[in-house]
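Here is what each chain is made of, one letter per residue.
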Amino acid sequence: MILPQKLKLLSDSGKGELTGMFLRNRNLTDLIRDIRLKARSRCETTHASMKKWISFAVKGTRHKGRENKILCKFFCIQALAFILMV
């Protein structure tokens with residue numbers, strides 16, 4: 001069996017914690033991990049800013065209108081981000 005198959009078998013048999021520990025240990029030994037984390041940090045900062053601008057909470061909204069409400073808010077955030085970049 002190749003590694004992804006072994007991990008899937010472990011996960012399917014209820015050993016998801018072992019699978020997670022293996023993947024975490026493998027990630028910690030990755031040489032380019034720091035480079036990825038810096039890029040991730042910038043992305044998370046942008047997401048935090050977007051959440052401050054507009055809330056994506058749909059509690060109290062009818063089920064039919066939730067998707068349209070989220071799409072409208074997402075479009076507004078995209079427009080704000082574009083304006084800030086220019």
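Residues numbered from 1 in each chain as written. Predicted model: local features only at pLDDT ≥ 70, side-chain atom pairs only at ≥ 80, totals over all residues. Heavy atoms only, no water.

K.L.:
What is the right way to read the overall build of the protein from this model?
P.N.:
Summing up its helical and strand segments, the protein has four helices and zero strands in all. Walking the protein from its N terminus toward its C terminus, one meets helices and strands in the order α-α-α-α. The globule rule puts the C-alpha radius of gyration for 86 residues at 12 Å, and the 20 Å found for the protein is more than 25% above it. Each principal axis of the C-alpha atoms in the protein carries an extent, and together these give about 45 × 35 × 20 Å. In the protein, which comprises 86 residues, the proportion classed as buried is 8%. Surface summary for the protein: the accessible area is close to 7800 Å², and the carbon and sulfur share equals 63%. (Helix = DSSP H or I, 4+ residues; strand = E, 2+ residues; numbered from the N terminus. Rg over C-alpha atoms; globule rule 2.2 N^0.38 Å. Buried < 20%, exposed > 50% of the residue type's maximum accessible area, 1.4 Å probe, protein only. Areas by Shrake-Rupley, 256 points an atom, 1.4 Å probe, with all protein chains shown as cover.)

K.L.:
I keep staring at the side chain of Thr19 and nothing clicks. Help me out?
P.N.:
Mapping Thr19 onto the fold places it in helix H2 (residues 16-28). The class for Thr19 is buried, based on a relative accessible area of 9%.

K.L.:
Would you take a moment to explain the environment of Ser11 for this structure?
P.N.:
One can find Ser11 in helix H1 (residues 3-12). Spatially, the C-alpha atom of Ser11 lies 37 Å from that of Arg62, the residues being 51 residues apart in sequence. For Ser11, the residues in contact, after removing those within four places along its chain, are Gly16 and Thr19. (Contact = heavy atoms within 4.5 Å.)

K.L.:
Where do I start with the environment of Gly65 in this structure?
P.N.:
By the element assignment, Gly65 lies in helix H4 (residues 63-85). Judged by relative accessible area, Gly65 falls into the partly exposed class, the value being 27%. A sequence separation of 41 residues divides Gly65 from Arg24, and the C-alpha atoms of the two residues are 40 Å apart.

K.L.:
I tried to follow the packing of H1 against H2 on my own but got confused; where do I start?
P.N.:
Helix-helix packing is characterised by the crossing angle of the two axes and by the distance between the axes. It is at 7 Å that the axes of H1 and H2 come closest, and there the two elements cross at 140 degrees. On the basis of their axis angle, the class for H1 and H2 is oblique. As for how H1 packs across H2, the hand of that crossing is left-handed. Every residue of H2 that contacts H1 at Leu3, Leu7, Leu10 and Ser11 is listed here: Gly16, Thr19, Phe22, Leu23 and Arg26. Looking at side-chain class alone, the contact of H1 with H2 contains five nonpolar, three polar and one charged residues. (Axes fitted to C-alpha atoms, helices over the stretch in contact; angles between N-to-C directions. Parallel < 35°, antiparallel > 145°, perpendicular 65-115°, else oblique. Left-handed = near helix turned anticlockwise from the far one by under 90°. Nonpolar A, V, L, I, M, F, W, Y, C, P; charged D, E, K, R; others polar.)

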